[in-house]
Amino acid sequence: MKKQFVRLMALFFLGMAAGGVLVTVNLGGQIDEMTYKNQHLSQQLELCGDELNQLKISMGEREKKVVTTIESHISILGENTAKLEEKNTILFLDKQVRQWLEPLKGEEAEKLNYALIPQIVDDRIVEFEGANYQLKVKLVVIDVSIIIYVEAKKEKLTM
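Figured I'd write up the structure that's included with this text. (Residues numbered from 1 in each chain as written. Predicted model: local features only at pLDDT ≥ 70, side-chain atom pairs only at ≥ 80, totals over all residues. Heavy atoms only, no water.)

1. Considerations on the nonpolar core
Ranked by size, the top nonpolar core spans 24 residues in total, and within it Val-97, Leu-101, Val-121 and Leu-135 carry the most contacts. Of all the secondary structure elements, the ones that give two or more residues to this core are strand S1 (69-77), helix H2 (83-101), helix H3 (117-121), strand S2 (125-128), strand S3 (131-142) and strand S4 (145-156). If one sorts the elements of this core by residue count, S3 sits on top with five residues. Each residue touching Leu-101, except ones within four places of it in the same chain, is listed here: Ile-70, Ile-117, Ile-120, Val-121 and Ile-148. (Core = buried A, V, L, I, M, F, W, Y, C linked by side-chain atoms within 4.5 Å. Buried < 20%, exposed > 50% of the residue type's maximum accessible area, 1.4 Å probe, protein only. Helix = DSSP H or I, 4+ residues; strand = E, 2+ residues; numbered from the N terminus. Contact = heavy atoms within 4.5 Å.)

2. Brief notes about the side chain of Gln-54
Mapped onto the elements of the fold, Gln-54 is located in helix H1 (residues 2-59). Once residues lying within four places of it in the same chain are set aside, the contact partners of Gln-54 are Val-67, Thr-68, Lys-105 and Gly-106.

3. Structural notes on the layout of surface pockets
Rolled over the atoms, a probe as big as a water molecule pinpoints where empty space is left. The volume enclosed by the largest pocket comes to roughly 310 Å³. Around the largest pocket, the lining comprises 17 residues; the ones closest to its centre are Gln-44, Leu-47, Glu-71, Asp-94 and Arg-98. At the level of elements, H1, S1 and H2 are the ones that each hand at least two residues to the lining of the largest pocket. In terms of residue count, H1 provides more of the lining of the largest pocket than any other element does, seven residues in total. Split by residue class, the lining of the largest pocket holds seven nonpolar, five polar and five charged. Its boundaries defined by the atoms lining it, the second largest pocket holds a volume of some 200 Å³. Lining the second largest pocket are Gln-39, Ser-42, Gln-43, Glu-46, Asn-88, Leu-91, Phe-92, Lys-95, Phe-128 and Glu-129. If you list the elements that add at least two residues to the lining of the second largest pocket, you get H1 and H2. Looking at the lining of the second largest pocket residue by residue, the classes come out as three nonpolar, four polar and three charged. (1 Å grid on protein atoms, 1.4 Å probe; cavity = no way out; pocket = protein on both sides within 12 Å on 5 of 7 lines; lining within 4 Å. Points joined across faces, edges and corners; volume = space filled by probe spheres on them. Nonpolar A, V, L, I, M, F, W, Y, C, P; charged D, E, K, R; others polar.)

4. Things to note about the pairing of S2
Judged by which residues are buried, S2 turns out to be one-sided: Val-126 and Phe-128 face inward and are buried, whereas Ile-125 and Glu-127, on the alternate face, are not. One ladder, built from four bridges, connects S2 with S3; its direction is antiparallel. In the strand pairing of S3, Phe-128 is matched with Ala-131. From the end of S2 to the start of S3, which pair antiparallel, there are two residues, and Glu-129 there has a positive phi angle of about 50 degrees. (Pairing = 2+ DSSP bridges.)

5. Some words on the pattern of salt bridges
Scanning the entire structure with this criterion turns up seven salt bridges. In this structure, the salt-bridge partner of Arg-98 is Asp-94, at a minimum N-O distance of 2.9 Å. Here Asp-94 and Arg-98 lie together in helix H2, a separation of four residues that amounts to about one turn. The pair Arg-98 / Asp-94 is uniform in exposure class, with both members buried. The salt bridge involving Glu-108 is made with Lys-111; its shortest N-O contact spans 3.5 Å. (Salt bridge = Lys/Arg side-chain N within 4 Å of Asp/Glu carboxyl O.)

6. Topic: the packing of H1 against H2
A packed helix pair is summarised by two numbers, namely the angle formed by the two axes and the spacing between the axes. At a minimum axis separation of 10 Å, H1 and H2 run at an interaxial angle of 15 degrees. Compared by their axis directions, H1 and H2 come out roughly parallel. Every pair of crossing elements has a handedness; the one defined by H1 and H2 is left-handed. Where H1 approaches H2, its residues Asp-32, Glu-33, Tyr-36, Gln-39, His-40, Gln-43 and Leu-47 are matched on the opposing element by Leu-84, Lys-87, Asn-88, Leu-91, Asp-94, Lys-95 and Arg-98. The residue makeup of the contact of H1 with H2, split by class, is four nonpolar, four polar and six charged. (Axes fitted to C-alpha atoms, helices over the stretch in contact; angles between N-to-C directions. Parallel < 35°, antiparallel > 145°, perpendicular 65-115°, else oblique. Left-handed = near helix turned anticlockwise from the far one by under 90°.)

What follows is the structure, encoded as structure tokens:
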């Protein structure tokens, strides 16, 4: 009788431990996704604040088209990675491209040198989490917002 009770208690605690592990694994994935969404929304909030400031500045210059936003669309070529890793990489590369093009905000769209804008990003190499990504500009649209389409190709770091 005592042996049977001990077995039941052992199975009970084993079941609790297995259930705890499954819950932890499930919650871990949800936390990763929420962390990514939080970073993405934080970046969008920062960009909206910048855009609002630029719009306030350009309100005084009604007749001029002033660059107020920079929007980048990044795709990663030839890479089979986890969805979360790819999202984090795109988020990092997006932030880097925006940082390089930030000095163009507030400039008149008609006075920008259109040929030089792709050269700011084209053929640059960015390191992120142990890998190099070579950027290639595919398309740039310039108006009150600069929209840039970039392809990133992953290259392994050699040490």
